[in-house]
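A structural walkthrough
Next come the chains, spelled out residue by residue.
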Amino acid sequence: MNKLEIVNLTKTYKHKSANENISLTLNSGVYGLLGPNGAGKSTLMKQLATITTPSSGKILYNEKDIVSLDDEYRALVGYLPQDFDAYKNFKAREFLMYMAALKGMNNSEAKKKVDELLKLVGLYEVRNKNVSKFSGGMKRRVGIAQALLNNPKILILDEPTAGLDPQERTRFRNLLSNIGTETIVILSTHIISDIESVAKETIMIKDGKLLLKGTHREILEDMKGKVYTITTKNESEVNEIQRNYKVVSINRGVEDTQLRIISDKAPSYENTKLTEPRFEDVYMFYFELEDAREV
Ligand code: ADP
Ligand code: MG
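Parameters and conventions
Residues numbered from 1 in each chain as written. Chains lettered and ligands numbered in written order. Predicted model: local features only at pLDDT ≥ 70, side-chain atom pairs only at ≥ 80, totals over all residues. Heavy atoms only, no water. Core = buried A, V, L, I, M, F, W, Y, C linked by side-chain atoms within 4.5 Å. Buried < 20%, exposed > 50% of the residue type's maximum accessible area, 1.4 Å probe, protein only. Contact = heavy atoms within 4.5 Å. Pairing = 2+ DSSP bridges. Helix = DSSP H or I, 4+ residues; strand = E, 2+ residues; numbered from the N terminus. Axes fitted to C-alpha atoms, helices over the stretch in contact; angles between N-to-C directions. Polar contact = N/O pair within 3.5 Å; in protein donor to acceptor, adjacent residues only side chain to side chain. Near = heavy atom within 4 Å. Areas by Shrake-Rupley, 256 points an atom, 1.4 Å probe, with all protein chains shown as cover. Donors = N, O, S within 2.8 Å, 3.2 Å for Na, K, Ca; no water.

**A few points about the nonpolar core**
Ranked by size, the top nonpolar core spans 53 residues in total, and within it Leu123, Phe134, Val142, Leu157 and Leu176 carry the most contacts. Not counting residues up to four positions away in its chain, the partners in contact with leucine 123 are Leu118, Phe134, Met138, Arg141 and Val142. Within the second largest apolar cluster, 26 residues are counted, among which are Tyr73, Ile154, Ile184 and Ile186.

**Focus on the sheet that holds strand S9 (residues 201-206)**
An order of S6-S7-S8-S3-S9-S10 is seen for the six strands of this open sheet, with the pairing classed as mixed. Of all the strands in the sheet, just strand S6 (77-80) and strand S10 (209-214) have a single pairing partner and so form its edges. In this sheet, adjacent strand axes meet at a mean angle of 15 degrees when their direction is disregarded. Two strands pair when backbone bridges link them, and S9 and S10 are joined in this way by five bridges, in the antiparallel orientation.

**Examining the side chain of threonine 10**
Considering the arrangement of structural elements, one finds threonine 10 in strand S1 (residues 3-13). A polar contact of 2.9 Å, which involves the side chain of threonine 10, links it to the backbone nitrogen of asparagine 21.

**Section: the site of ligand 1**
Near ligand 1, the surroundings consist of Tyr13, Lys16, Ala18, Pro36, Asn37, Gly38, Ala39, Gly40, Lys41, Ser42 and Thr43. Lysine 41 has a polar backbone atom sitting 2.9 Å from an oxygen atom of ligand 1. In this structure, serine 42 approaches ligand 1 through a side-chain N or O atom, which is 2.9 Å from an oxygen atom. Here ligand 1 has 560 Å² of accessible area as a free molecule, and 62% of this is covered by the chains. Broken down by secondary-structure element, the contributors of at least two residues to the shell around ligand 1 are strand S2 (16-27) and helix H1 (41-48).

**Some thoughts on the coordination of the magnesium ion (ligand 2)**
For the magnesium ion (ligand 2), the full set of protein donor atoms is Ser42 (OG) and Gln82 (OE1), and the range of their distances to it is 2.1 Å. Of this pair, serine 42 sits in helix H1 while glutamine 82 sits in the loop between S6 and helix H4 (92-102), placing them 40 residues apart in sequence. With a relative accessible area of 39%, glutamine 82 lands in the partly exposed category.

Rendered as structure tokens:
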């Protein structure tokens, strides 16, 4: 059994609730935690990683409160903080050996694991280079490697793809698929394409509250009947639609303009077609589109 239960979790900073009454059950597999900046993703993850304690509510691992499991729980957790920064004066391998020692691994066990992880994250060739010389993406990969040292049953990755270029993002997706299916993986992001292909379920939060949790199929099913494309030649109509609807995209062709919009009711424009929802429509429906697409 590998089960995390979050029960009525609330975290309040001064007067503001960063997490409000969140309840969720997670089993082995990859979960994408999606929400705009300030939604409460990091706060939730910090509580799961026992970096901070809930104001109220609790977290159970296999039916036991993680507070009472204490170090026994912590030994099962791997955590990449959002602001992870490896000690700059360390070489990659040296840093991981140091982290392994902190986690109580013996030297021969550590050597084997560290080399295995360096290969997994594609840093074996540069293992003896100073982390200070690494790109942002390489540093995050060092961070992912340190989170995997103890073969975690619960892997918490806070914005693991931040600062990664498209090639590194692809590598990260492949890496995730190589992490045991026996692990609960929770990764936060505000980029849809990061989780579209890897997450078995997506958890969306906004203003500290849980919006929804489900498989892509379920989430897209809920969006059916809300996505339309409108084709028009009339520029003032284009402006009007932009004012009145949530517009996911605009395609300006030579002949006419096509707008993809979200609406609960069918718009009354002449060339309106109901369209099959995509995941970015879901994000647009619940949040703004601004930073949802890969840049
Ligand atoms: P996200 O990771 O989704 O961007 P966070 O969990 O970091 O969101 O933050 C959620 C809210 O809680 C934000 O409004 C943030 O300003 C606030 N917050 C987070 N950490 C602290 C803190 N240590 N003290 C006060 N407010 C905080
Ligand atoms: Mg965050």
